[in-house]
Amino acid sequence: MMSQMPDKVPFLDLHSQLAPLRDEIDTAIRRVVDSCGFVLGEDVRAFEREFAASIGSRHALGVDSGTSALHLILRGLGIGPGDDVLLPANSFIASAECVSLAGAQPIFADVDPETHLLDPASVERHLTPQTKAVIVVHLFGRTAALDELLTVCRRRGVHLIEDACQAHGATYRGRRVGTFGIAAAWSFYPGKNLGAFGDAGGVTTDDDSLFQALVELRDHGQVRKYEHHRIGCTGRLDTLQAAVLRVKLPHLDSWNAARRRIAARYETSLRDSEISTPAPPRPGEDHVYHLYVVRHPQRSAVAQALTENQIGFGLHYPVPIHRTPAYAHLGQGPGSFPVSERLAGGILSLPMYPELTESHLERVTDVLRRFSLVSG
Ligand SMILES: *Cc1c(COP(=O)(O)O)cnc(C)c1O
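Residues numbered from 1 in each chain as written. Predicted model: local features only at pLDDT ≥ 70, side-chain atom pairs only at ≥ 80, totals over all residues. Heavy atoms only, no water.

K.L.:
Which residues make up the state of the cysteines, and what values go with them?
P.N.:
The final tally for this structure, using the stated rule, is 0 disulfides. Lacking any disulfide linkage, Cys153 is separated from the closest cysteine sulfur, that of Cys98, by 15 Å. The buried category is assigned to Cys153, whose relative accessible area is 3%. This cysteine, Cys165, is not joined by any disulfide, and Cys98 carries the nearest cysteine sulfur, 9.1 Å off. (Disulfide = S-S within 2.5 Å. Buried < 20%, exposed > 50% of the residue type's maximum accessible area, 1.4 Å probe, protein only.)

K.L.:
Requested: an account of the sheet that holds strand β5 (residues 159–163), with residues and values cited.
P.N.:
Hydrogen bonds between backbone groups are what pair the strands of a sheet, and the pairing can be parallel or antiparallel. The strand order across the open sheet formed by 7 strands is β1-β9-β8-β5-β4-β2-β3, and the pairing between neighbours is mixed. The sheet is open, and its two edges are formed by β1 (59–63) and β3 (105–109), each paired on a single side. The sheet shows a mean angle of 25 degrees between the axes of neighbouring strands, direction not considered. Of the strand pairs in this sheet, β5 and strand β8 (residues 183–187) are connected by 3 bridges, and their pairing is parallel. Each bridged residue has a counterpart across the sheet, and for Ile161 the counterpart in β8 is Ala183. Here helix α3 (residues 42–55) sits on the sheet and contacts β1, β8 and β9 (201–205); the angle it forms with β1, its principal contact strand, is near 130 degrees. Along the sheet, helix α7 (residues 146–156) contacts β4 (131–137) and β5; its crossing angle with β5, the most-contacted strand, is approximately 145 degrees. (Pairing = 2+ DSSP bridges. Helix = DSSP H or I, 4+ residues; strand = E, 2+ residues; numbered from the N terminus. Axes fitted to C-alpha atoms, helices over the stretch in contact; angles between N-to-C directions. Contact = heavy atoms within 4.5 Å.)

K.L.:
Talk me through the packing of aromatic side chains; I want residue IDs and the actual numbers.
P.N.:
Enumeration according to the criterion identifies 10 aromatic pairs in this entry. A ring pair is formed by Phe108 and Tyr327, whose centres lie 6.3 Å apart and whose planes are at 85 degrees; its orientation type is edge-to-face. A residue pair is termed long-range when its members are at least 10 positions apart, and Phe108 in strand β3 and Tyr327 in the loop between α11 (299–308) and α12 (338–346) qualify at 219 residues. Here Tyr327 falls in the buried class, since its relative accessible area comes to 4%. Members of the aromatic cluster, joined through ring pairs, are Phe47, Phe51, Trp186 and Phe188. The ring centre of Phe180 lies 4.0 Å from the NZ or CZ of Arg175, which sits over that ring. (Phe/Tyr/Trp six-rings, centres within 6.5 Å; stacked < 30°, edge-to-face > 60°. Lys NZ or Arg CZ within 6 Å of the ring centre and 35° of its normal.)

This is how it looks when you write it as structure tokens:
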């Protein structure tokens, strides 16, 4: 018998999510096309209502990306030149870009070695008198230490902004994230737990005046057609994307439940291997496993074993933000944020999406367990 190359295990498979929703989405897209209401059409308002209800926030606003959502929140709060905004060194670069785009200065803090998320003690150490806001990132879908962070922020009189771009549907002490800070930013980039068919994003907030500012800022600062009260931008959510998101939103909780089941399977299968799996969420915290990030001191050898076995993986993120060339001008050399720097060298993200099959999962864990024996 000829030896067969095993089929690929993709890091992410959007086709498998699309297939069962295909007819419903086609109908929704056709409805928008037939209406020709491509900009701020009825589906945008409907999605905003439905998303706000699902999160439990007073307002939701559709915007063109998660980065835009963060940027507009800062602008809406009046944060700009002369102001500092604190954020974790371990995040996707957009968490910092939004600060630079608003003309403010990003200030970094380090993360907790167990959760990989913003460490409240480091926040205390790095807050400056110019700091107007702290951006907490619920990175990988894990909820951050919100109680501790809110306490620090209240004491120092700064806003807490949630970057919830990886944490759709996650809860903290029984309440959905996105309702804890002054506002939260969401990305509906296709690979996120709730993803559109292109770039899309949203803001949730309970604050009426911030919401009104954001309504204007995302649409050229207009209060009415050609009445421009602020310098805004083209930051609106497309009606087509809103229509797609409306079909997908009702499935978010069951998709997250599937992600949790897959995470539990990984955890059991890798328990006695050399691979360090994510620490389980602490009481009151939650994890919706946007990414399943494991660690191993010989990351490149693990990566090679996966590649040889046609298994996809990711690195989230290979370089902490303060060490990227884009932020070299801040002059924060090696050792500035040691936990973030150490994590970056050892992390690796395994295939994780609700439709990941048991046989594919076993392929991944077999390779990782075998790898551990050889290297050990
Ligand atoms: C995806 C993401 C963003 C940015 O979202 P876009 O829609 O790609 O602009 C911001 N922060 C985090 C943590 C993200 O994962």
